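Listed below are the residues making up each chain.
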Amino acid sequence: MKILHLDTNHPLLLEQLNGLGFTNHEDYTSSKEAVEAKIAKYDGIIIRSRFTIDKTFLDAAKNLKFIGRVGAGVENIDGDYAREKNVTLIAAPEGNRNAVGEHTLGMILSLFNKLNKADHEVRSGKWLREANRGIELDGKTVGLIGYGNMGNAFAKKLQGFEVEVLCYDIKPNVGNHFARQVSLEEFQEKVDVVSLHTPQTPLTMHMIKSEFISGFAKPFWFFNTARGKSVVTSDLVSALKSGKILGAGLDVLEYEKASFESLFTTEMPEAFQYLIQADNVLLTPHVAGWTLESKIKLAQTIVDKIKAKFF
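Description of the structure in this document. (Residues numbered from 1 in each chain as written. Predicted model: local features only at pLDDT ≥ 70, side-chain atom pairs only at ≥ 80, totals over all residues. Heavy atoms only, no water.)

### A closer look at the pairing of strand E2 (residues 23-26)
Stage number 1. Here strand E1 (residues 2-5) runs beside E2; their pairing, made up of four bridges, is parallel. Looking at E2, one finds that Leu4 is bridged to His25.
Stage number 2. Handedness of the crossover joining E1 and E2 through helix H1 (residues 11-19) is recorded here as right-handed. (Pairing = 2+ DSSP bridges. Helix = DSSP H or I, 4+ residues; strand = E, 2+ residues; numbered from the N terminus. Right-handed = clockwise from strand over helix to strand, strands pointing away.)

Below, the structure is given as structure tokens:
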């Protein structure tokens, strides 16, 4: 089998696939059209998020047997059409779920204890102790929207804290000893902290909007390490201004390009201007799942799944 690698990844991916007898070619610079012109020669492709795998691409890939997505989400791949053409989708949420769990917890603790704000002030010569009095996670109710690989990993990290962990998911019976699954009504009634762990689908696009936010009984803290387009940023900012949302940790943004490699290229949106000035907002550049360890785990997961399916 011949595999075309369209994004750079950890070297072990190429090394191990070569060792299994696969023929591996690399092309990290050609346009999508140029790749489409030659893709019929390949049985498999390995990609992160360089471009969209759509119907046109899949029609050109006449001999394609699998798509390896070195990451968790597969929204950049027309999965339904791929399955119609008997193309196997191989993703690797197991590879970076621990990293996402740790990053989410780090964001919560940083915001609760005003670590970034206090660090900036001390570096500026300010010594403001009372202004940087924090709050504790103990005693809070933490709610997770979406309870798959990422949600489970984060819930596991919370076990050392005296917190109640609830989860809400459209799938039934996904709760476990780390998190109790509840209805949306109970979720919105009880939680103090909301953490988003859903994939990008038509159901989750812009799900965090004014109507949804207003349904919560208490002001709450909001964290998103999932997908930026699940949140209407202007509605989030309105809730921050009103105090309905007490603070936000955002690793992903509505404005990201589909490749996740950059933000907007035109004028900076007004809502984003507010976010970058707010002391109760913590921003990171879509790196919750990007650690030295997860780079290895993601590649190894893809190799293991290809081996299990095709070797």
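### What to know about the side chain of Asp169
Stage number 1. Note that Asp169 resides in the loop between strand E7 (164-168) and strand E8 (180-181).
Stage number 2. At 6.0 Å, Lys171 is the nearest oppositely charged side chain to Asp169, a buried residue that forms no salt bridge. (Buried < 20%, exposed > 50% of the residue type's maximum accessible area, 1.4 Å probe, protein only. Lys, Arg positive; Asp, Glu negative; His and termini not counted. Salt bridge = Lys/Arg side-chain N within 4 Å of Asp/Glu carboxyl O.)

### What to know about the packing of helix H5 (residues 93-112) against helix H7 (residues 149-157)
Stage number 1. Viewed as axis vectors pointing N to C, H5 and H7 meet at an angle of 50°, and their least axial separation amounts to 8 Å. With respect to each other, H5 and H7 are oriented oblique. Crossing hand, H5 versus H7: right-handed. Taken together, the residues of H7 that come into contact with H5 (itself represented by Pro93, Glu94, Asn96, Arg97, Asn98, Val100, Gly101, Glu102, Thr104, Leu105 and Ile108) are Asn149, Met150, Ala153, Phe154 and Lys157. (Axes fitted to C-alpha atoms, helices over the stretch in contact; angles between N-to-C directions. Parallel < 35°, antiparallel > 145°, perpendicular 65-115°, else oblique. Left-handed = near helix turned anticlockwise from the far one by under 90°. Contact = heavy atoms within 4.5 Å.)

### Quick word on unusual backbone geometry
Stage number 1. Despite not being glycine, Asn86 shows a phi value in the positive range, around 60°.
Stage number 2. Here Asn86 lies in the loop between helix H4 (79-84) and strand E5 (88-90).
Stage number 3. Asn86 gets classed as exposed once you look at its relative accessible area, which sits at 64%.
Stage number 4. In this structure, His286 takes a positive phi of about 55° despite not being glycine.

### Here we look at the nonpolar core
Stage number 1. With 30 residues, the main nonpolar core has Ile208 and Phe222 as its most contacted residues.
Stage number 2. Of all the secondary structure elements, the ones that give two or more residues to this core are strand E9 (193-196), helix H9 (210-214), strand E10 (220-224), helix H10 (233-242), strand E11 (245-250) and helix H11 (270-277).
Stage number 3. Sort the elements by how many residues they give to this core and H10 lands first, with four residues.
Stage number 4. Beyond its immediate chain neighbours, meaning those up to four positions away, Ile208 contacts Ile145, Leu196, Ile213, Phe222, Ser230, Val231 and Val232.
Stage number 5. Formed by 22 residues, the second largest nonpolar core is a distinct cluster that contains Leu137, Val163, Val193 and Trp221. (Core = buried A, V, L, I, M, F, W, Y, C linked by side-chain atoms within 4.5 Å.)

### What to know about the sheet that holds E5
Stage number 1. With parallel pairing, five strands are arranged side by side in an open sheet as E2-E1-E3-E4-E5. The open sheet has two edge strands, E2 and E5, and neither has a second partner. On average, each strand axis in the sheet is inclined to that of its neighbour by 20°, with strand direction left out of account.

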